[in-house]
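Fold and geometry: a report
Spelled out from the first residue to the last, the chains are:
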Amino acid sequence: MITFITNPHSGCWHRHCSCDGREVEGRRAFPADWEGGGFERPPRLHPPCPGRGPPTRTLLRRLACRRSSSAATRRPAARGDMAGGHRLLLENAQQVVMVCARGERFLARDALHSLAVLEGASLVVGTDGFIKAIGRADAIQTLFSEETFEERIDCSGKCILPGLVDAHTHPVWAGERVHEFAMKLAGATYMEIHQAGGGINFTVEHTRQASEEELFCSLQQRLQCMMRAGTTLVECKSGYGLNLETELKMLRVIERARRQGPIGISATYCGAHSVPKGKTATEAADEIINNHLPKLKELGSRGEIHVDNIDVFCEKGVFDLNSTRRILQSGKDLGLQINFHGDELHPMKAAELGAELGAQAISHLEEVSDEGIAAMATARSSAVLLPTTAYMLRLKQPRARKMLDEGVIVALGSDFNPNAYCLSMPMVMHLACVNMRMSMPEALAAATINAAYALGKSHTHGSLEVGKQGDLIIINSSRWEHLIYQFGGHHELIEYVIAKGKVIYKK
Ligand SMILES: N=CN[C@@H](CCC(=O)O)C(=O)O
Ligand SMILES: [Zn+2]
């Protein structure tokens, strides 16, 4: 099996032999028949690896089932393990975009210039929902010729990509705010609306009144839309309750959706999304630390809800740096991952704080300082950039290029909420490319492996590698970049969405 690495910046491609990872050939010239701009199409077939004869059946099995270095791989140990049935065979795709192929937990700096892409390849998912093999179509065909599959899909002329990961959403709420969109178009700022009792506070009033069933139904509809746009793992926040009763109602709704599936959910407690009426930030922080968090711990230990992350809206006029620190540290002490809103509308030194506390992710960062960027790179706290928010609120764009150049792990999220109503990660990637000047490989990595890293799930999600969860999408195009290029075209492009090897959407 050869992993093809294309480099859109230099225009060269390299072929890496997966027997031992060494580069076996490199070229700079484009073939005469290729019109792919900065991308070169690698040849579909490759010669036998140097120093080796034609691949034998045993060798093919070894290569196709190659272990990635750090992922929790499941390699069939012996013939008998594979003899039974498998869940899914995806045959002969024009491209299988693995994103990365060496068990990387994230991609940063130069690793983002090139993504691992196989041409003319097939992929097998086992009955446990994990990827068993990826490799050249002929190798997989030979290897699995005697195996049975619950489902086979001919992917000729199509591309397979990892399921997209949306690293930041607020999908549980009642009370839409289209009227505020009109106010913003007429010139009102986000904070003016917030301070006048609109914004988050408006949604809080409606969400408190909504029944659990109503919230669950609307959440399911929103998750369905996300899924049809290619999302298979999504972060879901509470935060429109603020009081314990409604925050728990939201977390129960998220838990129900998580158990029901089919898409994966990382649950975030965001009780510090706004300061409740009649309280100061310090009083609200005390309430969260003394009452909310102990209750979450109790319900978690009883298995009633599962919360992964803790979030605070660290912003001027919302939670100051000290209150933010206290809440995040208390959440971390309970075992939650720190994943919070920072440096969005005003420079708050939130990035510096997050790096100091070991945050897994910090979102927004439109106003991040140079020191904050450096601190995040060192601490490996990922930056979850939200192109829809900067676009809809006409904020200055976060400095994605500087973050990428300095080695920050950049992820993307839709920020779906009543202020930024977008459920589509392909559109988010497109905006990231155009408005934040990210390249398409950077945007795809940010919406897959790096978004999975932001949720602490990149050992199982975010790339197509043996041993990872079989979450993927099939697009009807011979080049994967169409998923980003065709703005708003994902409904036509995405033919299948697959989770744990099961088709959950078919166009
Ligand atoms: N900035 C804070 N929270 C959300 C907005 C929530 C809302 O306005 O309802 C965000 O990430 O954009
Ligand atoms: Zn948010």
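Residues numbered from 1 in each chain as written. Chains lettered and ligands numbered in written order. Predicted model: local features only at pLDDT ≥ 70, side-chain atom pairs only at ≥ 80, totals over all residues. Heavy atoms only, no water.

Okay, the side chain of Ser477 next. As for its placement among the helices and strands, Ser477 is situated in the loop between strand E17 (472-475) and helix H18 (482-485). Under the relative-accessibility criterion, Ser477 is labelled buried at 8%. Side-chain polar atoms of Ser477 contact the backbone oxygen of Arg479, separated by 3.1 Å. Excluding anything up to four places from it in sequence, Ser477 contacts Gly157, Lys158, Cys159, His482 and Leu493. (Helix = DSSP H or I, 4+ residues; strand = E, 2+ residues; numbered from the N terminus. Buried < 20%, exposed > 50% of the residue type's maximum accessible area, 1.4 Å probe, protein only. Polar contact = N/O pair within 3.5 Å; in protein donor to acceptor, adjacent residues only side chain to side chain. Contact = heavy atoms within 4.5 Å.)

Before going further, it helps to examine the sheet that holds strand E12 (residues 309-314). As summarised here, the arrangement of the 8 strands in space is E9-E10-E11-E12-E13-E14-E15-E16, forming an open sheet in which the pairing is parallel. One side of each edge strand has no neighbouring strand; the edge strands of this open sheet are strand E9 (164-166) and strand E16 (410-412). Going from strand to strand, the sheet's axes swing by 25° on average, the running direction of each strand aside. When E12 meets strand E13 (residues 337-342), the two strands line up parallel, connected through 4 bridges. Residue pairing in the sheet places Ile310 in a bridge with Ile338 of E13. (Pairing = 2+ DSSP bridges. Axes fitted to C-alpha atoms, helices over the stretch in contact; angles between N-to-C directions.)

Bringing the UniProt feature "domain: Amidohydrolase-related" (unreviewed entry) in the chain into the picture now. UniProt records the feature "domain: Amidohydrolase-related" (unreviewed entry) for residues 160-503 in the present numbering. Counted over residues 160-503, helix gives 45% and strand 17%. Its end C-alpha atoms are 13 Å apart. (UniProt positions renumbered as here; feature names shortened; annotations may be inferred.)

What follows is about the pairing of E17. Across the two faces of E17 the burial is the same, with Leu472 and Ile474 and Ile473 and Ile475 all buried. Pairing geometry for strand E8 (residues 159-162) and E17, over 4 bridges, is antiparallel. Each bridged residue has a counterpart across the sheet, and for Leu161 the counterpart in E17 is Ile473.

Moving on, we come to the coordination of the zinc ion (ligand 2). Taken together, the protein ligands of the zinc ion (ligand 2) are His168 (NE2), His170 (NE2) and His341 (NE2), with distances of 2.0 to 2.1 Å. Viewed at the metal, the 4 donor atoms of the zinc ion (ligand 2) are separated by angles of 97 to 122°, and the geometry they form is tetrahedral. Counting the intervening residues between successive donors of the zinc ion (ligand 2) yields the motif H-x1-H-x170-H. In this pair, His170 is assigned in the loop between E9 and helix H4 (178-185) and His341 in strand E13, connecting sequence segments 171 residues apart. The class of His170 is buried, set by a relative accessible area of 2%. (Donors = N, O, S within 2.8 Å, 3.2 Å for Na, K, Ca; no water. Tetrahedral: all angles 85-135°; square planar, octahedral: opposite > 155°, others 65-115°.)

Right, let's get into the packing of aromatic side chains. Inspection of every chain in the model, using the stated rule, returns 5 aromatic pairs. Taking the centre distance of 6.3 Å and the plane angle of 50° together, the rings of Phe144 and Phe149 count as tilted. Assessed through its relative accessible area of 4%, Phe144 is described here as buried. Relative to Tyr421, the ring of Trp173 has its centre 6.1 Å away and its plane inclined at 85°; by these criteria the two rings are edge-to-face. Taken together, the residues Trp173 in the loop between E9 and H4 and Tyr421 in the loop between E16 and helix H15 (425-436) connect sequence positions 248 residues apart. Pairwise contacts between aromatic rings join Trp173, Phe416 and Tyr421 into one cluster. Its guanidinium or amino end placed over the ring of Trp173, Arg222 lies 3.8 Å from that ring's centre, counting from NZ or CZ. The lysine or arginine in question, Arg256, covers the ring of Phe216, its NZ or CZ lying 3.7 Å from the ring centre. (Phe/Tyr/Trp six-rings, centres within 6.5 Å; stacked < 30°, edge-to-face > 60°. Lys NZ or Arg CZ within 6 Å of the ring centre and 35° of its normal.)

Take the domain arrangement of the chain next. As far as domains go, the chain holds domain 1 (2-161) and domain 2 (165-460). If you look at the interface, domain 1 gives 16 residues, while domain 2 gives 18 residues. When domain 1 packs against domain 2, the two sides together hide about 1500 Å² of surface, and 71% of this comes from carbon and sulfur. It is Arg105, Phe106 and Leu112 that lose the most area in domain 1 upon contact with domain 2, and together they represent 39% of the buried surface on that side. Counting across the interface, domain 1 meets domain 2 through 0 salt bridges. In this assembly, domain 1 and domain 2 are joined by 4 residue pairs in polar contact (both at pLDDT 80 or more). (Domains from an automatic or database assignment. Buried area = accessible area lost by both parts, 1.4 Å probe. Salt bridge = Lys/Arg side-chain N within 4 Å of Asp/Glu carboxyl O.)

Among the 16 residues in the neighbourhood of ligand 1, the closest are listed as Arg177, Tyr190, Tyr240, His364 and Asp415. Contacts to ligand 1 include His273, whose side-chain N or O atom sits 2.9 Å from a nitrogen atom. Between an oxygen atom of ligand 1 and a side-chain N or O atom of His341, the distance comes to 3.0 Å. Contact with the protein chains covers 100% of the free accessible surface of ligand 1, which is 320 Å². Along the lines of polarity and charge, the residues of the shell around ligand 1 split into 5 nonpolar, 8 polar and 3 charged. (Near = heavy atom within 4 Å. Areas by Shrake-Rupley, 256 points an atom, 1.4 Å probe, with all protein chains shown as cover. Nonpolar A, V, L, I, M, F, W, Y, C, P; charged D, E, K, R; others polar.)

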